[in-house]
Amino acid sequence: MGRFENVAELAAIAPESVALDLACGQGRTTRALLAAGPRLVHAVDVGSTLDDDLLLDPRVRAHIAELDHLPLDDGSVDAAVTLNAVEHLADVGAHLHEVHRVLRPGGTAVLAHSDWDTALFTSDDDDLTRELLDRFVAHVPARGARTDGFAGRKLLRHAAASPFTVESVHSWADPHRRFDEGSVAWKVATGILAAAGDDPDLAGRAAGWVEGLRRAARAGTFLFAVTDVAVVLRK
């Protein structure tokens, strides 16, 4: 199973329940939640990126909203998932308090994030891989943006400061062998290239590094993995 299916399983969606996908993006977590048979999934994000088929699905209700100000009633949701959003939030505590508000008593929240500093790439140059990954983790892509390459390992800190009870903690690192456009490894490598872009020498070496990843993928020897962390919270 991938990260989307893992967090959906941890949310323990009951048939005919109401679920909440926070920072839904195109809807991969939404799809995983739907597979468990809820009556309704609220898909929330700050922009409109949900896939068209999900927008037309009667089991899905899309909302454009900030994650610390949800357009939902108190106690109206049975389970909620926040995946890979923490690093972008100005106030994680405000988000968790808002999730706590909309959950019913006894409801489950799953707070999950990839810890990008743990990314693993098959490469011919391990020292360059480490240098590029350190650059990526420290890189802020735009003025006003928020990133944190260590977000996964900090989830318990956020949970401890929230009104929730911590029920369990989980981690995994799914192996990925693809390096084509749209793959997880390709997306992270694209971010690494962007992070190296302001240093001409490093950018040139990074481009060569990516070509090495492509060669490994063609030869069937490429591997990528990153540690995902998930904290299961109970109201």
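Structural notes, computed from the coordinates.

The rules behind each value
Residues numbered from 1 in each chain as written. Predicted model: local features only at pLDDT ≥ 70, side-chain atom pairs only at ≥ 80, totals over all residues. Heavy atoms only, no water. Helix = DSSP H or I, 4+ residues; strand = E, 2+ residues; numbered from the N terminus. Rg over C-alpha atoms; globule rule 2.2 N^0.38 Å. Buried < 20%, exposed > 50% of the residue type's maximum accessible area, 1.4 Å probe, protein only. Contact = heavy atoms within 4.5 Å. Areas by Shrake-Rupley, 256 points an atom, 1.4 Å probe, with all protein chains shown as cover. Pairing = 2+ DSSP bridges. Right-handed = clockwise from strand over helix to strand, strands pointing away. Phe/Tyr/Trp six-rings, centres within 6.5 Å; stacked < 30°, edge-to-face > 60°. Core = buried A, V, L, I, M, F, W, Y, C linked by side-chain atoms within 4.5 Å. Expected span 1.5 Å × (residues − 1). Arc of directions from axis to C-beta. Axes fitted to C-alpha atoms, helices over the stretch in contact; angles between N-to-C directions. Left-handed = near helix turned anticlockwise from the far one by under 90°. Nonpolar A, V, L, I, M, F, W, Y, C, P; charged D, E, K, R; others polar.

Turning to the overall build of the protein, a few remarks are in order. Counting its regular elements, the protein contains eight helices and seven strands. Against the globule reference of 18 Å for 235 residues, the protein gives a C-alpha radius of gyration of 19 Å, in line with a compact fold. The buried share of the protein, reckoned over its 235 residues, is 48%. The long-range fraction of contacts in the protein, counting pairs at least 24 apart against all pairs at least 6 apart in sequence, stands at 71%. Summed over all atoms, the accessible surface of the protein reaches about 11,300 Å², with 52% contributed by carbon and sulfur.

What follows is about the pairing of strand E5 (residues 103-121). Across the 19 residues that make up E5, a large majority, 14, are buried. The sheet contact formed by strand E4 (residues 77-83) and E5 spans six bridges and is parallel. Bridging across to E5, Ala80 finds its partner in Ala109. Since E4 and E5 lie parallel, the crossover through helix H4 (residues 92-102) that links them has a hand, and here it is right-handed.

A word on the packing of aromatic side chains. Applying the stated rule across the entire model yields three aromatic pairs. Judged by centre distance (4.8 Å) and plane angle (55°), the ring pair of Phe121 and Phe224 falls under tilted. Highlighted residues: Phe121 in strand E5 and Phe224 in strand E7 (residues 224-234), separated in sequence by 103 residues. For Phe121, a relative accessible area of 8% translates into the label buried.

Grouped together as the largest cluster of nonpolar side chains are 27 residues, with contacts concentrated most on Leu20, Leu22, Val44, Val77, Val99, Leu103 and Leu233. Those elements that provide at least two residues to this core are strand E1 (18-22), strand E2 (40-45), E4, H4, E5, helix H6 (155-160) and E7. Not counting chain neighbours up to four residues away, the residues in contact with Leu233 comprise Leu96, Gly107, Thr108, Ala109, Leu111, Ala159, Phe164, Thr165, Val166 and Glu167.

With twelve residues, helix H7 (residues 184-195) extends 17 Å between its outermost C-alpha atoms, agreeing within 8% with the 16 Å of an ideal straight helix rising 1.5 Å per residue. Every buried residue of H7 is listed here: Val184, Ala185, Val188, Ala189, Gly191, Ile192 and Ala195. Buried residues in H7, looked at end-on, bunch into an arc of 155°, giving them a common side. Where H7 is buried, its residues contact helix H1 (3-10), E5, helix H5 (126-138), helix H8 (200-219) and E7.

Packing of H5 against H8 brings their axes to within 11 Å, and their N-to-C directions diverge by 115°. Pair H5 / H8 crosses with left-handed handedness. Contacts between H5 and H8 involve Leu128, Thr129, Glu131, Leu132 and Arg135 from the former and Leu202, Arg205, Ala206 and Trp209 from the latter. Residue composition of the contact of H5 with H8, by class: five nonpolar, one polar and three charged.

As far as function goes, none of this settles anything; it's purely spatial.
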